[in-house]
Amino acid sequence: SKPVVKAVGSLLNFLQTTIFRLEEGGTVTVSSVEQAKSSMFMRMQPSTMKALHIFSTEHHPLMVKGHQGNAKEGFSLFSLLNRTKCRMGKQCLREWMLKPLLDRAEIELRQDGIELFLREEFQTSVGMLLNWLEKLGPIDSVLQRMTKCVSGPNDLLVLCRSLTAAVEV
């Protein structure tokens, strides 16, 4: 359909201007790769994470009895802080909590960014932004299925809805 073609075209245009370049013959050139230094992050043992209740997984009762069931986030620091509106936000918060920063300036930059969302004078804009963020789908999964040529019609709808929300943001 026409909206889907527009959505995919917009996505390719965005990716070409930010991340990679498509060349003749189907060659893809990546613009840049950033290396994250492990010295930037605090290393915590799994036992420490568990003792501090950073994350907690609760299993469905059927899962305990050996049947298939779903696990979900239990009562933890992560569940208390998680006010994200999309899967990507939740993954970002999880990553931040798994690898806490060590550099004070970087921590303060992150805090300043979060503070913008809490300031009274921005609440109208923040409300609109959160509405659009709720409409973002799992674009990473959709793109992965598309690259493997196993995507379905629903993937294109999710991509179209997500790109429409991204344009509004």
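Structure's up top.
Definitions and limits used
Residues numbered from 1 in each chain as written. Predicted model: local features only at pLDDT ≥ 70, side-chain atom pairs only at ≥ 80, totals over all residues. Heavy atoms only, no water. Salt bridge = Lys/Arg side-chain N within 4 Å of Asp/Glu carboxyl O. Buried < 20%, exposed > 50% of the residue type's maximum accessible area, 1.4 Å probe, protein only. Patch = residues over 30% accessible without salt bridge, like charges linked within 9 Å, V, L, I, M, F, W, Y side chains within 5 Å. Areas by Shrake-Rupley, 256 points an atom, 1.4 Å probe, with all protein chains shown as cover. Helix = DSSP H or I, 4+ residues; strand = E, 2+ residues; numbered from the N terminus. Phe/Tyr/Trp six-rings, centres within 6.5 Å; stacked < 30°, edge-to-face > 60°. Lys NZ or Arg CZ within 6 Å of the ring centre and 35° of its normal. Arc of directions from axis to C-beta. Contact = heavy atoms within 4.5 Å. Core = buried A, V, L, I, M, F, W, Y, C linked by side-chain atoms within 4.5 Å. Polar contact = N/O pair within 3.5 Å; in protein donor to acceptor, adjacent residues only side chain to side chain.

Student: What is the right way to look at the pattern of salt bridges in this model?
Tutor: Close approach of charged atoms allows side chains of opposite charge to pair. Counting across every chain of the model gives five salt bridges. Between Glu-95 and Lys-99 there is a salt bridge, with the nearest N and O atoms lying 2.7 Å from each other. According to the relative accessible area criterion, Glu-95 is partly exposed, its value standing at 35%. Under the relative-accessibility criterion, Lys-99 is labelled partly exposed at 34%. A salt bridge links Arg-119 to Glu-121, with the shortest nitrogen-to-oxygen separation between them at 2.7 Å.

Student: Explain a nonpolar patch on the surface here, please?
Tutor: Together, Ile-114, Leu-116, Phe-117, Leu-118 and Phe-122 give the surface a local cluster of nonpolar side chains, amounting to about 460 Å² of exposed area. Here Ile-114 lies in helix 6 (residues 104–118). Owing to a relative accessible area of 39%, Ile-114 belongs among the partly exposed residues under this scheme.

Student: Hey, could you run me through the packing of aromatic side chains in this one?
Tutor: Between two aromatic rings, the relevant description is the distance of the centres plus the angle of the planes. Applying the stated criterion across every chain, the model contains one aromatic pair. Seen from their ring centres, Phe-55 and Phe-78 are 5.3 Å apart, and the 45° between their planes marks the pair as tilted. With a gap of 23 residues between them, Phe-55 in the loop between helix 2 (46–51) and strand 3 (57–59) and Phe-78 in helix 4 (residues 77–81) connect regions that are remote in the sequence. Note on Phe-55: relative accessible area 18%, which makes it buried. For Phe-78, a relative accessible area of 1% translates into the label buried. Above the plane of the ring of Phe-78 lies Arg-94, whose end atom (NZ or CZ) is 4.6 Å from the centre. One Lys or Arg, Lys-99, reaches over the ring of Phe-41 and ends 5.3 Å from the middle of that ring.

Student: Quick question: what am I supposed to make of helix 8 (residues 139–147) here?
Tutor: An α-helical turn contains 3.6 residues, so a residue and the one three or four places further along point in the same direction. Within helix 8, burial applies to Ile-139, Ser-141 and Val-142. Taken down its axis, helix 8 places every buried residue within 165° of arc, on the same side. The secondary structure elements touched by the buried residues of helix 8 are helix 5 (87–98) and helix 9 (153–168). Of the residues trailing helix 8, Cys-149 is marked for its positive phi of about 60°.

Student: Where do I start with the nonpolar core in this structure?
Tutor: Note that soluble globular proteins tend to have their nonpolar side chains buried in a common cluster. Residues Ala-7, Leu-11, Leu-15, Ile-139, Val-142, Val-158, Leu-159, Cys-160 and Leu-163 constitute the largest nonpolar core, which totals nine residues. Counting residues per element, this core draws most heavily on helix 9, which supplies four residues. Leave out the neighbours within four places in its chain, and Ile-139 touches Met-88, Leu-159 and Ser-162. Counting residues in hydrophobic clusters, the runner-up holds six residues, among them Met-49, Phe-78, Leu-93 and Met-97.

Student: Just checking my understanding: could you explain unusual backbone geometry for this structure?
Tutor: If a residue is not glycine, its phi is most likely negative; likewise, a peptide bond is most likely trans. Even without glycine at this site, His-53 takes up a positive phi of about 55°. If you trace the backbone, His-53 turns up in the loop between helix 2 and strand 3. Of the residues examined, His-53 reaches a relative accessible area of 48% and is grouped as partly exposed.

Student: Could you clarify how one ought to interpret the environment of Gln-123 in this entry?
Tutor: Position of Gln-123 among the secondary structure elements: in helix 7 (residues 123–134). A polar atom in the side chain of Gln-123 sits 3.0 Å from the backbone oxygen of Phe-117.

Student: Explain the side chain of Ser-162 here, please?
Tutor: Note that Ser-162 resides in helix 9. Dropping the residues within four chain positions of it, Ser-162 is found in contact with Lys-135, Leu-136, Gly-137 and Ile-139.

Note that every value here comes from positions in space, so none of it alone points to a role or purpose.
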